[in-house]
Amino acid sequence: MMYAIALLCVVGIATGQIMFKLSASSLQRAGTIFDLKTLMILGAAFALYGITTIAWVWVLQKIELGKAYPLMALAFVLVPIGSHFILGERFQVQYFVGVAFIMFGIVLAVKS
């Protein structure tokens, strides 16, 4: 159960990163931080990060940091995948090799 919540935290962090990128793009288009759309996306990203951080602290009460923290490396996998589908960013073949190494490392670290 705790690992599922930890994974939700990782998804929240990854989603927050994509929302920060969306707010940066909105800021660039609007030219001002006071644009309503920019503020709404940025505010939602901050709120998601805040909620996720509180949940992460709760998870760390139940799981050793050394066991939980490798799961955060999944953000290095989820953010580019999300950026591909949401922002239209592209991957290089090397990315998939890196993802394989990250996933192997996560499995190895969590199972140790």
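Placed above this text is the structure.
This write-up is about the structure you can find in this document. (Residues numbered from 1 in each chain as written. Predicted model: local features only at pLDDT ≥ 70, side-chain atom pairs only at ≥ 80, totals over all residues. Heavy atoms only, no water.)

### Some points on the environment of K111
Phase 1: Along the chain, the position of K111 falls in helix α5 (residues 93–111).
Phase 2: Distance in space between the C-alpha atoms of K111 and Q61 is 19 Å, their sequence separation being 50 residues. (Helix = DSSP H or I, 4+ residues; strand = E, 2+ residues; numbered from the N terminus.)

### Digging into the packing of helix α1 (residues 2–30) against helix α3 (residues 65–72)
Phase 1: Running from N to C, α1 and α3 point in directions that differ by 35°, and their axes come no closer than 9 Å. For α1 against α3, the interelement crossing comes out right-handed. For the pair α1 and α3, the contacting residues are Y3, A6, L7, C9, V10 and I13 in the first and K67, L71 and M72 in the second.
Phase 2: The residue makeup of the contact of α1 with α3, split by class, is 8 nonpolar, no polar and 1 charged. (Axes fitted to C-alpha atoms, helices over the stretch in contact; angles between N-to-C directions. Left-handed = near helix turned anticlockwise from the far one by under 90°. Contact = heavy atoms within 4.5 Å. Nonpolar A, V, L, I, M, F, W, Y, C, P; charged D, E, K, R; others polar.)

### Some points on helix α4 (residues 75–87)
Phase 1: Buried within α4 are the following residues: A75, V77, G82 and S83.
Phase 2: Buried residues along α4 sit against α1, α3 and α5.
Phase 3: Looking one or two residues beyond α4, the residue adopting positive phi is G88, at roughly 75°. (Buried < 20%, exposed > 50% of the residue type's maximum accessible area, 1.4 Å probe, protein only.)

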